[in-house]
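Chains, contacts and geometry: an overview
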Amino acid sequence: MAIHETLLVTPAAMGMVDKAAIDGGLDGYALMQAAGAHVAAVFLAKYPGALRAVVACGPGNNGGDGHVAARLLMQSGVDVVRYGTGPKPGGDAEKAFAVCPGQMLPLGDWQPQSGDVIIDALFGAGLDRPVGADIARFIGLARDANTPVIAVDLPSGLSGRTGVPTGACFCAAHTVTFAALKPGHLLMPGRALCGQVQLCDIGIPSRLIVSAEPVWRNHSGLYRDNLPRQDATGHKYSHGHLGVFSGPLISGGAARMSAMAGLRAGAGLVTMASPPGAVMVQATHLTAIMQRSIANKADLAGWLEDKRLSSFVIGPGFGDLEKARTFTGQLAETGGRVVLDADGLTAFARDRFELSGLFGGETRLVVTPHEGEFRRLFADLVDDPALSKIDRARRAAEILNAVVVYKGADTVIAGPDGRCVVNADAPPWLATAGSGDVLSGIVGGLLAQAMAPFEAACAGVAMHAKAALRAGEGMTAEDLLMRIEKEQQS
């Protein structure tokens, strides 16, 4: 018996898990009893002063969980009233309905009262279409009355696959889900609509909690074994040499943050490659970062003859889009690993296939777009309403033969081999100018130490979020830099 805290399972895959459990001999009604008991327990723990439990039940198994919760709350002395529709005949929900005392009232009869707490057991994760007009009205009344909501599995109206409402949708204070999280629990705006999520064990064996196309919540087990190892015989070059490209005099701050982040992430050396007019300014700001004057393609070719250079970051504050395309092509020819961000991404907005043609074979490219930069490259994917953020990231990774770090409150990391991770641990104050430049530098520093690109992206995103938590609310990107700590192998 188990829960899976790091695997995200789509509603379709969860349906297969449930079927496998029942086909393997587990009693579906017993699973429903366990689920309903967890819902009732959350109600009693979170709302001990509630005056009435308003249990809204749908016709399926989600509604069955609601009937179980209603019965247990009645037995605990709670005033309970049920609204909704009767269960489908012949299933476990019908059994749960039959043994729950009291009548079922139409949804339209509910009038909010002070002290009400709603248990939303209407549809859960299985609904991927707009709710009906009666349910939409019920949701609207709850919202207008500011009535607290406990959602069973997922707030009704929220897609468990995409994390996007399909129409009217509850905004829950708590969500009680079972066995494994769904993508909709972590993808925005779903994560905000779920409130505090309780993941509960209802008796499904861990060996059954699987997915044909797994998506993981970011955690150290994904990258720990691939972290750079400290060796007493090591030296600065054995820890990798990161090259970071700066823009002109007026916009060199972004590259400085990337360079310092790379150094703090463990790169043995970091060199700033700047236009001639920016070198002296960069030198006055940076002590541990070496300087290189790069004016043109020929200068870059000469520098790249140094085979100790192991990875590069290009784009933050770079400015010159034509030069960014040219320089990226030269970097690709070296066989080194490249992090492309900001202006480096925008440089290829007119033809993403030009970028995908540069990095064939072994994956060596990591791109770190925020939503706007992603749209410039992949407007067709963003405009497809059938695609989730996970779907978009996976397709972009396949097109570019790159690891895609699709940034946001729900950063998605996808590799061209289909691996996919959602990071949901970053604090909201990470949304500040320059934080993305710091992330690019962290990933570049890990790549310089020969960490594999996908694992470097996962570790870099985690290090970035942890640094923000240490820096605290109100931080700046400069504060963030000083709180970067290297991840350690256990």
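Everything here concerns the structure above.
Attention here is on the structure that accompanies the text. (Residues numbered from 1 in each chain as written. Predicted model: local features only at pLDDT ≥ 70, side-chain atom pairs only at ≥ 80, totals over all residues. Heavy atoms only, no water.)

Time to look at the overall build of the protein. Looking only at helices and strands, the protein has 18 helices and 19 strands in total. Referenced to the eigenvectors of the C-alpha coordinate spread, the extents of the protein come out at roughly 80 × 45 × 40 Å. Total accessible area on the protein stands at roughly 19500 Å², and carbon and sulfur atoms take up 54% of it. The average position of the 42 basic charges and that of the 47 acidic charges among the side chains of the protein differ by 3 Å. (Helix = DSSP H or I, 4+ residues; strand = E, 2+ residues; numbered from the N terminus. Areas by Shrake-Rupley, 256 points an atom, 1.4 Å probe, with all protein chains shown as cover. Lys, Arg positive; Asp, Glu negative; His and termini not counted. Charge placed at Lys NZ, Arg CZ, Asp CG, Glu CD.)

In this section: the pairing of strand β12 (residues 269-274). Burial analysis of β12 places six of its six residues in the buried class, the great majority of the element. Here β12 shows a buried face lined by L269, T271 and A273 and a second buried face lined by V270, M272 and S274. In terms of strand pairing, strand β11 (residues 241-245) meets β12 through five bridges, oriented parallel. Bridge pairing in β12 links V244 to M272. A crossover connection joins β11 to the parallel β12 through helix α8 (residues 253-264); in handedness this β-α-β unit is right-handed. The parallel pair β12 and strand β13 (residues 290-293) is bridged by helix α9 (residues 279-285), and the resulting crossover is right-handed. (Buried < 20%, exposed > 50% of the residue type's maximum accessible area, 1.4 Å probe, protein only. Pairing = 2+ DSSP bridges. Right-handed = clockwise from strand over helix to strand, strands pointing away.)

The strand order across the open sheet formed by twelve strands is β8-β1-β10-β19-β18-β17-β16-β15-β14-β11-β12-β13, and the pairing between neighbours is mixed. Pairing within the sheet leaves two strands with one partner each, and these edge strands are β8 (180-181) and β13. Here strand β1 (residues 4-8) pairs with strand β10 (residues 215-217) via two bridges, running antiparallel. Bridging from a neighbouring strand, L8 pairs with V215 of β10. Most of the contacts of helix α11 (residues 321-334) go to strand β14 (residues 309-314), to which it runs at about 160 degrees, and overall it touches β11, β14 and β15 (337-340). (Contact = heavy atoms within 4.5 Å. Axes fitted to C-alpha atoms, helices over the stretch in contact; angles between N-to-C directions.)

Okay, the environment of A433 next. Its place among the elements puts A433 in the loop between β19 (420-422) and α16 (435-448). Separated by 43 residues in sequence, A433 and T476 have C-alpha atoms that sit 7.6 Å apart.

Here N423 is to be found in the loop between β19 and α16. Within the structure, N423 has its side chain in polar contact with the side chain of N218 (distance 3.0 Å). Aside from chain neighbours lying at most four places away, what touches N423 is N218, A409, D410, T411, V461, A462 and A465. (Polar contact = N/O pair within 3.5 Å; in protein donor to acceptor, adjacent residues only side chain to side chain.)

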